[in-house]
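Listed here are the chains, written in short residue letters.
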Amino acid sequence: MKGRSFLLALVASAMVLLTLALGVWWAMARQSPLRIVDRPLELTRAARFMPRDAELTFNWLVDPSRIPAYARAVAPVRQREAVSESTRQLRDGAFALAGLNFNDELRDWIGPQVSLAVLDDSTANAGDPGALGWVLALSSQDDDGARRFLQRFWQTRSLAGTDLQITRYRGMGVISGRGALLGRDPQPIATALIDDDLLLLASGRGVLEQALDVSQLESLQLQGDEGLANDLRSLGSGVAFLTASPAAMQRWLGVPAVIANRGDLTGLVAGLATQGTDLDLKALVRFRDEVIPAADERSDAEALLAGAGGDAHALALLSAPQALINPDSQNPLAQWIAPALRRALESSTAEGAAAVAALDSGPLLFQEGEAGWLLGSRADAPSPDAVSRQLEQGGLVGSTLDADGQSLQVWTRLVRQRRHGEESLTADLAVALEHGSGFNWWGQTLEGLRQRRSGSDPSALKQHLQELRSLVKAPITQQLALSADPSRDGLAQWRPWILLQGLGGRALSPAVQSLTLAAAPDSASSQSGESSSLRLHARLRFG
């Protein structure tokens, strides 16, 4: 009996220790900075005060205080301090736009939900069509944090000369004033405390009252938007999401005017997620009508991508390139991509690529690197004879060439040269065509074709495209992967990136290693093969 009692006591003690260990592990895991990014995109309580007709809303879903710790945890060891500091500056700069000091005023009480709405405020600004207002909603970790903040906030600004007005609106106490801390320009601001744990700040009493008005009607607020809730569920998990009207898509997100000014465009919803040191942006662009063609689900695209090789700083897989570069196309994706594609093909060295793309019904693989451009197409589309006729109309001469045991079709241009007082003619290679594995491979140089055959891929762009293809749960129409330098050049002209670098007070581009993009019609919005929504997925890799 004594032995049995001892055994039972031992088992009980082990169970207690195991339970304690699991409890400690669970508590540590819950507190780990890596867990803050693991939550679904969903409408929060603050969405009740965000108008549906806002130009732009941005909704942050994780604790801002822990973001630098997360960045430090996922960064390479030698870069942890710099990454943590850069992230901290970005966070502090974002709150500084609203006149708030994160460390001194918010850090001790702010909760994991932060929402911002940018509104048309032309009525309150003498009919100025460009006037904008804003509403900022901050959640509180406790009932006293937001209240203490309000007391200090208005006390400090009162001492700086702000005249306060205290009123009640829809049962809420509203404090408003026009003033600022010493050394800053006076700006109107208004605040209201909701249930002691949600603080509203706005760019004036009128804007705040508008937010309180929409909170009473589900048809006017984001929280009652079932379509938006469904979109967020389809985007999955992340750290933040935004909504944008057509005007905001052009003004704030840099979307081309040809897209933003379409009468059938209704807006955009996007979710931001983190994957280690990488950032993922998933978006839905909505239209009233089914204007986006269905994706080609044939396996040719996968086989083309598998056959790519060689060093590259740009790699693209295009569906129906012939239709993409049609200037009369009403496909939003064609209107978006065509200008950049045409610029790339208008180069004098890309005349062969332009001829192939103009005749190709797709899919088409495009690669560009140190060895020039390389195209991969189906054996029968476009027809080599049709491409040859177009090249010859441009002054090129077709012939055959034996190279590395391969018989290639080549198109050359006769160039007159003068050397030592004597003139001669040389043939400059413009396009070379290699047949293989059921596909045609068109190259600007023989070296580009040789690299593809060797299968080398030091740029890893092919792997990046394949990874993104596995993440997009729909047939993809267009894909693009860029290495470090072209990614940085492209981001340098993108308005949100310019704003981010301004907030952080430092250049972020040197850390960018690659950018991958994919576009697909949204199958959930398709009734007749075509779709009324466009899905976009972008991954930005840092190193």
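Residues numbered from 1 in each chain as written. Predicted model: local features only at pLDDT ≥ 70, side-chain atom pairs only at ≥ 80, totals over all residues. Heavy atoms only, no water.

## Side note on the packing of helix H2 (residues 67–74) against helix H3 (residues 80–96)
So the rule is basically this: Under this scheme, a helix contributes an axis fitted over its contacting stretch, all axes are lines through C-alpha atoms, and angles between N-to-C directions fall in the 0 to 180 degree range. In this text, helices come from DSSP runs of H or I with a minimum length of four residues, and strands from runs of E with a minimum of two, each type numbered from the N-terminal end. By definition in this entry, angles of less than 35 degrees are roughly parallel, angles greater than 145 are roughly antiparallel, angles of 65 to 115 are roughly perpendicular, and the rest are oblique. Crossing handedness is defined as follows: a turn of the near helix away from the far one that is anticlockwise and smaller than a right angle gives a left-handed crossing, while the clockwise case is right-handed. By definition in these notes, contact holds between two residues if any of their heavy atoms fall within 4.5 Å. Throughout this entry, Asp, Glu, Lys and Arg are counted as charged residues, while Ala, Val, Leu, Ile, Met, Phe, Trp, Tyr, Cys and Pro are counted as nonpolar. The remaining residues, Gly among them, count as polar.
Between H2 and H3, the least distance of the axes is 8 Å, while the angle of their chain directions is 155°. It follows from the interaxial angle that H2 and H3 lie roughly antiparallel. Crossing hand, H2 versus H3: right-handed. Facing Ile67, Pro68, Ala71, Arg72 and Ala73 of H2, the residues of H3 in contact are Arg80, Glu81, Val83, Ser84, Thr87, Arg88 and Arg91. Within the contact of H2 with H3, the residues separate by chemical class into five nonpolar, two polar and five charged.

## Considering helix H17 (residues 484–491)
Basically, it comes down to this: For the exposure calls, accessible area comes from a 1.4 Å probe over protein chains only, and a residue counts as buried if that area is under 20% of its type's maximum, exposed if over 50%, partly exposed in between. Directions from the helix axis toward the C-beta atoms define the arc.
What H17 keeps buried is the set Ala484, Ser487 and Leu491. With its buried residues spanning 70° around the axis, H17 presents them on a single face. Away from the buried face of H17 by more than 90 degrees, exposed residues Asp485 and Asp489 are located.

## Points about the pattern of salt bridges
Inclusion rule: For salt bridges, the criterion is a side-chain nitrogen of Lys or Arg within 4 Å of an Asp or Glu carboxyl oxygen.
Under the defined criterion, the tally for this structure stands at 21 salt bridges. A salt bridge links aspartate 92 to arginine 91, with the shortest nitrogen-to-oxygen separation between them at 3.0 Å. On the accessibility criterion, aspartate 92 (15% relative accessible area) is buried.

## Re the confidence of the model for the chain
Rule in force here: pLDDT measures the predictor's confidence residue by residue and takes values from 0 up to 100.
Averaged over all residues, the pLDDT of the chain equals 82, while 85% of them reach at least 70. Predicted confidence for residues 6–34 stays below pLDDT 50, and this span has twelve contacts to residues more than four positions away or in other chains.

## A closer look at the pairing of strand S12 (residues 364–369)
The test is simple: At least two DSSP bridges between two strands are required for those strands to pair.
Of all six residues making up S12, five are buried, and the element is well covered by its neighbours. Of the pairings in the sheet, the one linking strand S11 (residues 314–318) to S12 comprises five bridges and is antiparallel in character. Paired with alanine 316 across the bridge in S12 is phenylalanine 366. Of the pairings in the sheet, the one linking S12 to strand S13 (residues 372–378) comprises five bridges and is antiparallel in character. Paired with glycine 369 across the strands is glycine 372, a residue of S13. Here S12 hands over to S13 after two residues, the two strands then running antiparallel side by side.

## Describing the environment of serine 84
Residue placement: serine 84 occurs in helix H3. Relative accessible area serves as the criterion here: at 16%, serine 84 is assigned to the buried category. Between the C-alpha atoms of serine 84 and proline 68, which are 16 residues apart in sequence, the distance is 4.8 Å. With residues near it in sequence (within four places) discarded, serine 84 still touches Pro68 and Arg72.

## Regarding the packing of aromatic side chains
Put simply, the rule reads: Pairs were defined over the aromatic rings of Phe, Tyr and Trp, the Trp ring being its six-membered one, requiring ring centres within 6.5 Å. Orientation was assigned from the angle between planes: stacked under 30 degrees, edge-to-face over 60, tilted for the rest.
In total, this model carries six aromatic pairs according to the counting rule given. Note on tryptophan 109 and phenylalanine 149: the rings are 5.3 Å apart at their centroids and 40° apart in plane angle, and the pair reads as tilted. Pair noted here: tryptophan 109 is in the loop between helix H4 (102–106) and strand S2 (110–120) and phenylalanine 149 is in helix H5 (residues 145–159), with a separation of 40 residues, a long-range link. Here tryptophan 109 falls in the buried class, since its relative accessible area comes to 2%.

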